[in-house]
Amino acid sequence: MADNPEKKGRDRDLVSEQEHEVAYLMRTAKVTRQKALRAIREAGPSREKVIEYLGKK
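Residues numbered from 1 in each chain as written. Predicted model: local features only at pLDDT ≥ 70, side-chain atom pairs only at ≥ 80, totals over all residues. Heavy atoms only, no water.

Notes on unusual backbone geometry
The phi angle at Lys30 is positive, at roughly 55°, despite the residue not being glycine. Residue position: Lys30 is located in the loop between helix H1 (19–29) and helix H2 (33–43). Take Lys30: its relative accessible area is 75%, and that puts it in the exposed class. (Helix = DSSP H or I, 4+ residues; strand = E, 2+ residues; numbered from the N terminus. Buried < 20%, exposed > 50% of the residue type's maximum accessible area, 1.4 Å probe, protein only.)

So, in structure tokens, the structure goes:
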């Protein structure tokens, strides 16, 4: 169940700074915690954009 029942759409398309999501990015992109957090902050909450950002670095 979504955190906000008013929110519609796919939550998996977004990424946050929660520990399990940062850990997932670290594993899949093979980056450090600091790089994963920086990517989320700079690229925004879109998972696609964060992965793209990490691919360019």
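Let's pick the thread back up.
Concerning the environment of Gly44
Along the chain, Gly44 turns up in the loop between H2 and helix H3 (47–56). Assessed through its relative accessible area of 17%, Gly44 is described here as buried. Sequence spacing of Gly44 and Ser16 is 28 residues, and the spatial spacing of their C-alpha atoms is 8.9 Å. Those residues in contact with Gly44, other than ones at most four positions away along the chain, are Val15, Ala39 and Val50. (Contact = heavy atoms within 4.5 Å.)

A short note on the pattern of salt bridges
A side chain of one charge can pair with a side chain of the opposite charge when the charged atoms of the two come close. Applying the stated criterion across every chain, the model contains three salt bridges. Close ionic contact of Glu17 with Arg41 constitutes a salt bridge, the shortest N to O distance being 3.2 Å. In this pair, Glu17 is assigned in the segment before H1 and Arg41 in helix H2, connecting sequence segments 24 residues apart. Here Arg33 ties to Glu19 by a salt bridge, and the two come within 3.1 Å at their closest N and O atoms. Taken together, the residues span a long stretch of sequence, with Arg33 in helix H2 and Glu19 in helix H1 at a distance of 14 residues. Looking at Glu19, the relative accessible area reads 47%, which means it is partly exposed. (Salt bridge = Lys/Arg side-chain N within 4 Å of Asp/Glu carboxyl O.)

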